[in-house]
Amino acid sequence: MSGIRISEHTISQMIDSLRTAVWQVPKFQREFVWDTSAVASLATSIIDAYPIGMITLWAQSDKNPLDLERLSLQDYNASTKSPVTRFFGDDENATKIYAILDGRQRCTAIAMAFAGFTPDYRANKYAGKYFLNAAQPDPLERVIFRKTIDLDRAGLTTSAACIGQGLFPLASDIPGETVLRQWYRYAQEIKNPANYPGGVLPDAEELNRRDSIVQSAFDGISETRLAACIVPETYDLGKICDIFETLNLSGMKVSTVDLINAWIYRETEGAADGPIQIRDWIRDLGQIDGAVGWAVPERRPELTAQLVTATYVALDRPDKPEPRQVSGAKRITTIDSIKSPDLLATPAEHWQHVVANDVLLARFLGDFQHVVADGTFGYDKCPYPVTATIYAALRWHKEFDPPSFHLGWEIGDLNSLYKAFFWRNALTSRYDQGFLTQLPKDLGAMKALLRRRVDYDSKSRWLAYCDSVFGELFKTALPEKEALVDILTNGRPGGAKQAAVLLPMLASTSRDIDGVEIGINSAGGSELHHIVPKGWCADNASGDKRGILVKDIAGRDYVNCIANLMPLSRSTNNLWKAKLPATFLAEHLITFESGSDFFSKVFIDRSCYDDLISDPPQLLGFWEGRAALMADDLLGRCRLVA
């Protein structure tokens, strides 16, 4: 990290750097998302002289700068009835420019609170001012926000009028006024009778109290320093991503996706279809069937970027575009994985190809879900969601590489092979050891197995060969059925293992026991709820069932185990949890036969059903019987079958 240095900036210096466009924001970095209470909280930390973290600045070179712009807020033009962008300060053609890689939210908040940066449109949620609240003896909030509309109604349109009410604007309304002069003026205005209703000053004790609050705030603003990590211009994006993979300077990573976007947007700006704005495209992709719940720009945009890079890695065609150079002139960039430098090196031409075929990409993601779990589910329900990139990449290879590169195997062959591969990974926790390193090896191994399909006269013989190779690929043996039953009847294991054992049930159910729509496309989504209600278990924990209902006595947590959970809508659960399952089923006229489709998907067979509705319910038989069904299903998914 040679060349990186740490500098300190006062609040005034920071505002000057933003106002004169010395510090700028990479275009299409995420917009300002803090609410006014978060801005007030940061301002409170500043007046208290508390640490406010560190930002990261990247010195820009004239030869290869990022696409930058001044700090901005989204505003609205009422006359044209259209959204507009409001920029802070003026572009003064600064000779040295720094890109704010991490810290846009804090920079914007400080400009809003202490420099009066606010939207023009009065109905905007950010339109207003921040004040030091000295009006109350012991205010709950020392920094408060008041909307412009409310200030106008209260006649608080000048700083003098506000001061008379004990409210001191953090941002001066006098152009060019320094912080020192601003707060010195406040100390004088406190004692000016003309600022108070009826020209009557508060008593001396109150005046001294307010003066003390103002002086303390001025001291805090003057003393507070913002630390900045300055990355020299000699660093490229690849190196910066490497640094922030391992170094977390301010509590959050520099977004690799935002860095990628800076390059991709610039390189596609002149394209006939217009420039690619990655986060917007991810949002659009997430609306297409198959990609719902997988392309989510607000939560995990890097998963989509990994998907795009995986499709590039899978291509064998000799004419695929060359990687972008991100590692310096002396080293040729290669892409063989989906780590951050690989994502950065993925060329714009490939991004354009994927964007143009996003419906296909979404379909491949949807097929992946149905192959492994017989239904749809989001990435957050998937053990190791990055494994989806292998399936989608192999489908991309089949679709876009010349036929000579994938002769002899069909999609059905891939589906049979991949299903077993996915579940063996999930149940052996193999990717816990580092999936980004393992993934390219697995992609290559799967392609090699598919190429051998042409050597076998039947699919079953080919799969037998694949099974022998899997024995070498998976060093850890699959768990025995008894071990899975143990996991399924003792609380929740957490992590990828919990996601794995729940996935078949969550993915396959699109309606709950009462016919209410659930699943990824429903308004409420899938929620797991107790089959034998927790309330009933608590009420009966002191009776003859205490041997299995009390965790310390049973030696395991049956009540909260996977075998006691199933997907229900919130509305159905509100009815279900108030009574025993037998009562609910009887009141809703649900028999084993009429509910058989749902019961089969949640692993309740006739024997389990009878245990559940018996009076009293045979809890141990139900939980252990259901866990055995679930374990058989999971192990069955690991088998290579034609």
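On a predicted model such as this, the values are computed, not experimentally measured, just so you know.

Visitor: Please clarify how the overall build of the chain should be interpreted in this entry.
Guide: Scanning the chain from terminus to terminus reveals 28 helices and 13 strands. Referenced to the eigenvectors of the C-alpha coordinate spread, the extents of the chain come out at roughly 90 × 70 × 50 Å. When burial is assessed residue by residue, the chain has 52% of its 642 residues classed as buried. Of the contacts formed within the chain by residues at least 6 apart in sequence, a portion of 73% connects residues at least 24 apart. Surface exposure of the chain reaches about 28,800 Å², of which carbon and sulfur atoms provide 50%. Averaging the locations of the 69 positively and 81 negatively charged side chains of the chain gives two centres separated by 2 Å.

Visitor: Looking at this model, I keep getting lost on the nonpolar core. Mind explaining?
Guide: Within soluble globular proteins, side chains that are nonpolar tend to cluster in buried spots. Formed by 137 residues in total, the largest nonpolar core has its most connected members in F368 and Y418. Excluding anything up to four places from it in sequence, F368 contacts W294, F377, C382, A388, Y391, Y418 and F422. Formed by 52 residues, the second largest nonpolar core is a distinct cluster that contains I46, I52, M112 and Y130.

Visitor: What's the story with the pairing of strand β13 (residues 565-568) in this structure? I'm lost.
Guide: Put simply, side chains in a regular strand alternate between the two faces of the sheet. With burial as the criterion, each face of β13 is covered, one bearing L565 and P567 and the other bearing M566 and L568. Bridge count between strand β12 (residues 527-530) and β13: four bridges; the pairing is antiparallel. Among the inter-strand pairings, E527 is bridged to a residue of β13, identified as L568.

Visitor: I'm lost on the environment of T304 in this one. Help?
Guide: Topologically, T304 is positioned in helix α11 (residues 301-314). Between the C-alpha atom of T304 and that of I282, which follows or precedes it by 22 residues, the distance is 7.1 Å. Those residues in contact with T304, other than ones at most four positions away along the chain, are W281, I282, L285, W294 and A295.

Visitor: So what exactly am I meant to see when it comes to the packing of aromatic side chains here?
Guide: Tallied over the full model, the rule gives 31 aromatic pairs. Ring geometry for F368 versus Y418: centroids 5.9 Å apart, planes at 70°, classification edge-to-face. With F368 in helix α14 (residues 358-373) and Y418 in helix α16 (residues 411-428), this pair connects stretches of sequence that are 50 residues apart. Across this residue pair, the class does not change: F368 and Y418 are buried. An angle of 80° between the planes, with centres 5.2 Å apart, marks the rings of F422 and W423 as edge-to-face.

Visitor: Mind showing me how you'd approach unusual backbone geometry here?
Guide: Omega for the peptide link from D615 to P616 comes to -5°, which places this bond in the cis form. Tracing the backbone through its elements, the reader meets P616 in the loop between α27 (606-613) and α28 (619-637). Within the chain, A49 stands out as a residue other than glycine whose phi angle is a positive 60°. Residue position: A49 is located in the loop between α2 (36-47) and β3 (54-59). Positioned with a positive phi, L589 is a non-glycine residue whose angle comes to about 55°. By secondary structure assignment, the location of L589 is in the loop between α25 (581-587) and α26 (596-601). Judged by relative accessible area, which is 72%, L589 ranks as exposed.

Visitor: Looking at this structure, I do not really get the sheet that holds strand β10 (residues 167-169). What am I missing?
Guide: Hydrogen bonds between backbone atoms are what pair the strands of a sheet, whose relative direction is either parallel or antiparallel. Spatial strand order, β9-β8-β10: three strands in an open sheet with antiparallel pairing. This sheet does not close on itself; its edge strands, each paired only once, are β9 (143-147) and β10. Taking each pair of neighbouring strands and ignoring which way they run, the sheet shows an average axis angle of 45°. In the sheet, strand β8 (residues 128-133) pairs with β9 via five bridges, with the strands oriented antiparallel. Counted as the bridge partner of Y130 is F145 from β9.

Visitor: Help me understand the packing of α11 against helix α17 (residues 435-451) in this model?
Guide: Two numbers describe a pair of packed helices, the interaxial angle and the distance between the axes. Relative orientation of the contacting elements α11 and α17 amounts to 40°, with a least axis distance of 11 Å. As summarised for this structure, α11 and α17 are arranged oblique, according to the angle between their axes. Remark: the crossing between α11 and α17 carries right-handed chirality. On α17, the residues that touch Q306, A310, V313 and A314 of α11 are L436, L443 and K447.

Visitor: Teacher, can you tell me more about the layout of surface pockets here?
Guide: Reported here for the second largest pocket is a volume of approximately 440 Å³. What lines the second largest pocket is a set of 20 residues, and nearest its centre among them are I15, R19, G176, E177 and T178. Those elements giving two or more residues to the lining of the second largest pocket turn out to be α1 (11-19), α3 (104-115) and α6 (179-189). Ranked by residue count, the leading element in the lining of the second largest pocket is α1, at five residues. Of the residues assigned to the lining of the second largest pocket, the class counts are 11 nonpolar, five polar and four charged.

Visitor: Is there a simple way to explain empty space enclosed by the protein in this structure?
Guide: Here the idea is plain: a probe the size of a water molecule rolls over the atoms and shows the empty space left. Inspection of every chain in the model, using the stated rule, returns two cavities of 30 Å³ or more. Estimated volume of the largest cavity: approximately 50 Å³. Lining the largest cavity we find L285, W294, A295, L303, T304, L307, L365, A388 and T389. Secondary structure elements with two or more residues in the lining of the largest cavity: α11 and α15 (388-400). At three residues, the largest contribution of residues to the lining of the largest cavity is made by α11. A class-by-class count of the residues in the lining of the largest cavity yields seven nonpolar, two polar and no charged. For the second largest cavity, the calculated volume is near 40 Å³. Surrounding the second largest cavity, M112, A113, G116, G128, K129, Y130, P169, L170 and A171 form its lining. Mapped onto the lining of the second largest cavity, the elements with two or more residues apiece are α3 and β8. Tallying contributions element by element places β8 first for the lining of the second largest cavity, with three residues.

Visitor: So what exactly am I meant to see when it comes to the environment of A262 here?
Guide: Residue position: A262 is located in helix α9 (residues 256-268). Take A262: its relative accessible area is 5%, and that puts it in the buried class. Between the alpha carbons of A262 and L414 there is a distance of 36 Å; along the sequence they are 152 residues apart.

Calculation criteria
Residues numbered from 1 in each chain as written. Predicted model: local features only at pLDDT ≥ 70, side-chain atom pairs only at ≥ 80, totals over all residues. Heavy atoms only, no water. Helix = DSSP H or I, 4+ residues; strand = E, 2+ residues; numbered from the N terminus. Buried < 20%, exposed > 50% of the residue type's maximum accessible area, 1.4 Å probe, protein only. Contact = heavy atoms within 4.5 Å. Areas by Shrake-Rupley, 256 points an atom, 1.4 Å probe, with all protein chains shown as cover. Lys, Arg positive; Asp, Glu negative; His and termini not counted. Charge placed at Lys NZ, Arg CZ, Asp CG, Glu CD. Core = buried A, V, L, I, M, F, W, Y, C linked by side-chain atoms within 4.5 Å. Pairing = 2+ DSSP bridges. Phe/Tyr/Trp six-rings, centres within 6.5 Å; stacked < 30°, edge-to-face > 60°. Axes fitted to C-alpha atoms, helices over the stretch in contact; angles between N-to-C directions. Parallel < 35°, antiparallel > 145°, perpendicular 65-115°, else oblique. Left-handed = near helix turned anticlockwise from the far one by under 90°. 1 Å grid on protein atoms, 1.4 Å probe; cavity = no way out; pocket = protein on both sides within 12 Å on 5 of 7 lines; lining within 4 Å. Points joined across faces, edges and corners; volume = space filled by probe spheres on them. Nonpolar A, V, L, I, M, F, W, Y, C, P; charged D, E, K, R; others polar.

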